[in-house]
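Each chain is listed here by its residues.
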Amino acid sequence: MRFAPSAILSILASRRLLLPVDVLTSSIVSMALTPSNKRRKNQGVEPERSGSALLCSFGKTQPQLAAAGRGNDTMKYSGIGGQAVIEGIMMQNGDDYAIAVRKPDGEIEVKRDRYVSLTEKYPILGLPFIRGVFKFADSMVVGMRALTWSCSFFEDDEDAQPGKFEQWLDRVFGEKLESILMTVVMIFSFIMAIGIFMLLPLGIARICKPFIPSETAMAVLEGVIRIVIFIIYIKLVSRMEDIRRTFMYHGSEHKCINCLEHGLALNVANVRGSSKEHKRCGTSFIMIVMIISILFFMVIRTDTVWLRFLSRIVLIPVIAGVSYEFLRFAGRHDSKLVNLLSRPGMWMQGLTTTEPDDSMIEVAIAAVEEVFDWKAYLDENFPGWKETE
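Predicted model only: the values in this text are computed from it and were never measured. (Residues numbered from 1 in each chain as written. Predicted model: local features only at pLDDT ≥ 70, side-chain atom pairs only at ≥ 80, totals over all residues. Heavy atoms only, no water.)

A.B. asks: What's the story with the pairing of strand β2 (residues 88-93) in this structure? I'm lost.
C.D. replies: Successive residues of a regular strand alternate their side chains across the two faces of the sheet. In terms of burial, β2 is largely enclosed, as six of its six residues are buried. With burial as the criterion, each face of β2 is covered, one bearing Gly 88, Met 90 and Gln 92 and the other bearing Ile 89, Met 91 and Asn 93. The pairing of strand β1 (residues 81-85) with β2 spans five bridges and is antiparallel. Residue Ala 84 lies in a different strand from β2, and its bridge partner there is Ile 89. Counted between consecutive antiparallel strands, the loop separating β1 from β2 contains two residues, among which Glu 87 sits at a positive phi close to 55 degrees. The pairing of β2 with strand β3 (residues 96-102) spans six bridges and is classified as antiparallel. By the bridge assignment, Met 91 is partnered in β3 with Ala 98. Adjacent in sequence and paired antiparallel, β2 and β3 are bridged by two residues, among which Gly 94 carries a positive phi angle near 70 degrees. (Buried < 20%, exposed > 50% of the residue type's maximum accessible area, 1.4 Å probe, protein only. Helix = DSSP H or I, 4+ residues; strand = E, 2+ residues; numbered from the N terminus. Pairing = 2+ DSSP bridges.)

Here it is, written out as structure tokens:
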């Protein structure tokens, strides 16, 4: 499906996502939830996963459901993950992913596609502490594909005539224009994110340097400023109606997976009663990155100002790699210590997930069912589960 370049620009840059940084945030959510190997339909045995086996639910409602005889208070990993898109959900199961979108006419459109990750193509990139960076790159690609397709249903004015600049772009780049624009958006998103969340906190913290002689205290202050900026940023973008709805779809994605991973049949009633939070959401990943960056910059010090700024950029892959490994570990373990360490990310999810309505839950269910045989999963992991609500 091809659509006008103006739709991409208006939807991504202004009306739909406010700032391109939201594309980065949405892709981080995808990275944190995307598995590396799939459960194929009608497959009885779940393979060992070498990628982000990190989806664990952790909410207040799940134990209550178990106590009521609906579901199990013990989570069992399913291997699926996803992200919210414009008026829809992308769910991924290994190499396969599905995008479900609620169109303006109320119908649900589902698209299934396939993407082979870099770590699968080149096994050396799947080594611990290295794979996190390339998982992020994979998520950017899949996330932008999903966002682009979801945007295609919401053009501002299909009858509007393209402007001279748009005509020039279309004439010069032709069919490649859409992919070029999306690449530019991704690059700009990444640069904006580095500037806002890495360099700006350091600059603000440097103002306080004359009053804080301790380098350790300065590193903590920089980290606190980084967290505050992130919270303010999320608060600001969440004031937009489209972003609020995206956060609702984000909640429906979590609820669907929590529903299945606690042994409940995938239907609207069960999904509605499931938790909208789990400890390895992409928001948790961002929080862990910010916390780990404090620890890194406590140890790595330099008196040269430009080297300080450079270190914040150069160490991004290292910090992201360590953060990824922590979340991967957290997703495979359910100990009290892991849950305690995951708590800050859980609190932060209160900013990026909100309760969805039933129509959003239906979209999430449609995306899950396109790439995941949930009945086979429940048969294997929760013998005796009931089809009824």
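A.B. asks: What's the story with the pattern of salt bridges in this structure? I'm lost.
C.D. replies: Two side chains bearing opposite charge may form a pair once their charged atoms approach each other closely. Per the stated rule, a full pass over the model turns up 15 salt bridges. The shortest N-O distance in the salt bridge between Arg 131 and Glu 325 comes to 2.7 Å. Pair noted here: Arg 131 is in helix α5 (residues 131-151) and Glu 325 is in helix α13 (residues 316-332), with a separation of 194 residues, a long-range link. In terms of burial, Arg 131 and Glu 325 fall into one category: buried. A salt bridge links Glu 241 to Arg 244; the shortest N-O distance between them is 2.7 Å. With a gap of three residues between them, Glu 241 and Arg 244 both fall in helix α9 (residues 241-261), about one helical turn apart. On the basis of relative accessible area, Arg 244 is assigned to the partly exposed category, the value being 37%. When salt bridges with common partners are traced through the structure, they connect Asp 95, Asp 96, Arg 112 and Arg 114 into a single cluster. (Salt bridge = Lys/Arg side-chain N within 4 Å of Asp/Glu carboxyl O.)

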